[in-house]
Amino acid sequence: MAGLERFTVTFVIPPSKDFECSICLSVLREPYLTTCCGSHFCQLCVDNVKKKNNECPVCREKPVNAVIDKYFRRQLNQLQVYCPRRSVKGFQGTGCDWVGELGSVEEHLAVDQLKGECQYVEVECRLCGQPNLRRMLSKHINKSCPNRSISCQYCGFQSTHENITKQHIDVCPNFPLVCTNFCSSTMLKGHELPSHLSTCLEQEVACSFGEMGCKEKMQRKFLQQHLESNVMQHQMLTCQAFHV
Ligand SMILES: [Zn+2]
Ligand SMILES: [Zn+2]
Ligand SMILES: [Zn+2]
Ligand SMILES: [Zn+2]
Ligand SMILES: [Zn+2]
Ligand SMILES: [Zn+2]
Ligand SMILES: [Zn+2]
C-alpha cells in the first residue's frame, strides 16, 4: 500500500475493534500478528517497536516476533471505503464520489500515474512539472501550461508559450509595429519600418532647399504646400547661394 500512505482512508462503516492496531489504535495497515500473544499491529508499528526496544508492547516478550496476517489483510481489504479524494483541499465543489473496497483504492487512485480512474488525484504535468488534478490536466496542457508548444502567430516560429510571449515577441521579424509617426498606414513588419519612413507622410523632413539655406522643417505632407507658397523665397536663397 505504498501509494496510500499519504492518504487518509474513511470507512463507510467504521470497522470493529478487531481491526484496530494495539499500538497506534487506528485501523490496521498491513496487519501483522505477534507470535507471542496474538496481537495485531500495523507493519509500520512493528517496525518502530523493533527499532525502539524490540519488546512486545502488549505482553513484554522480547524480542518481538510478528508475521503478516494474510487472512486478516483479505478481510480488511474487503471493507468499503470512500475515495480518499472525496473532498479536495483548495478545490471548489465536491471531489470524487467513488466508494469501493479498501483493497482497490490504490488502483482507483493510481498515484504517480498520468492516467487513472480517480480524477481528483494530483498528477504532475509532464511539460512543466506543476501538480494538477487529473481532471484538469488536459485543460492545463492545452490552455495554460507555460511549457505548452505554440507557434508565433506572426512568423510561425515554434516554441513554448512562455518563450514566445516573453522572449520571441521582442525579436520576431514579423511582429506588427505601429508607424513611429502614428500615421494611418497599415501595421508594419519590423524590418519594413525604415523603408516606410522614407515615404511616410507624417515623417518630419527638411525643406528641399535646405542646402540653399531654408531652415524650415515640416511633415512630408506639407512639403508640397511649403514649396508652392515659398517659390520667391527659395529663388532668392538659390541666387544668394550661387553669388557667394
Ligand atoms: Zn499501528
Ligand atoms: Zn506479545
Ligand atoms: Zn477517487
Ligand atoms: Zn504544465
Ligand atoms: Zn514571430
Ligand atoms: Zn508612417
Ligand atoms: Zn523651404
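This text gives an overview of the structure that appears in the document. (Residues numbered from 1 in each chain as written. Chains lettered and ligands numbered in written order. Predicted model: local features only at pLDDT ≥ 70, side-chain atom pairs only at ≥ 80, totals over all residues. Heavy atoms only, no water.)

### Some details on the packing of aromatic side chains
Here is step 1: Inspection of the entire model under this criterion finds two aromatic pairs.
Here is step 2: Between phenylalanine 19 and phenylalanine 72, the ring centres sit 5.2 Å apart and the planes meet at 45 degrees, which makes this aromatic pair tilted. Placement of phenylalanine 19 in the loop between strand 1 (10–11) and strand 2 (31–34) and of phenylalanine 72 in helix 2 (residues 70–77) is noted, with a sequence separation of 53 residues between them.
Here is step 3: Residue classification places phenylalanine 19 among the buried positions, given a relative accessible area of 14%.
Here is step 4: Its end group placed over the ring of tyrosine 82, arginine 86 keeps NZ or CZ at 3.8 Å from the ring centre. (Phe/Tyr/Trp six-rings, centres within 6.5 Å; stacked < 30°, edge-to-face > 60°. Helix = DSSP H or I, 4+ residues; strand = E, 2+ residues; numbered from the N terminus. Buried < 20%, exposed > 50% of the residue type's maximum accessible area, 1.4 Å probe, protein only. Lys NZ or Arg CZ within 6 Å of the ring centre and 35° of its normal.)

### Comments concerning the pairing of strand 2
Here is step 1: Pairing analysis gives three bridges linking strand 2 to strand 3 (residues 40–42), with the strands arranged antiparallel. Bridge assignment links leucine 33 to a residue of strand 3, and that residue is histidine 40.
Here is step 2: Counting the residues in the hairpin turn of strand 2 and strand 3 gives five residues, including glycine 38, whose phi is positive at 70 degrees.
Here is step 3: As paired elements, strand 2 and strand 4 (residues 66–68) share three bridges and run antiparallel to each other. (Pairing = 2+ DSSP bridges.)

### A look at the pattern of salt bridges
Here is step 1: Enumeration over the complete set of coordinates arrives at five salt bridges.
Here is step 2: For the salt bridge of glutamate 20 with lysine 17, the shortest nitrogen-to-oxygen distance reads 3.8 Å. (Salt bridge = Lys/Arg side-chain N within 4 Å of Asp/Glu carboxyl O.)

### Examining the coordination of the zinc ion (ligand 2)
Here is step 1: Bound to the zinc ion (ligand 2) on the protein side are Cys36 (SG), Cys37 (SG), Cys56 (SG) and Cys59 (SG), at distances that span 2.3 Å.
Here is step 2: Seen from the zinc ion (ligand 2), its four donor atoms lie at angles of 104 to 116 degrees, and the figure they make is tetrahedral.
Here is step 3: Sequence spacing of the donors to the zinc ion (ligand 2): C-C-x18-C-x2-C. Of the two residues, cysteine 36 is situated in the loop between strand 2 and strand 3 and cysteine 59 in the loop between helix 1 (43–52) and strand 4; the sequence distance between them amounts to 23 residues. (Donors = N, O, S within 2.8 Å, 3.2 Å for Na, K, Ca; no water. Tetrahedral: all angles 85-135°; square planar, octahedral: opposite > 155°, others 65-115°.)

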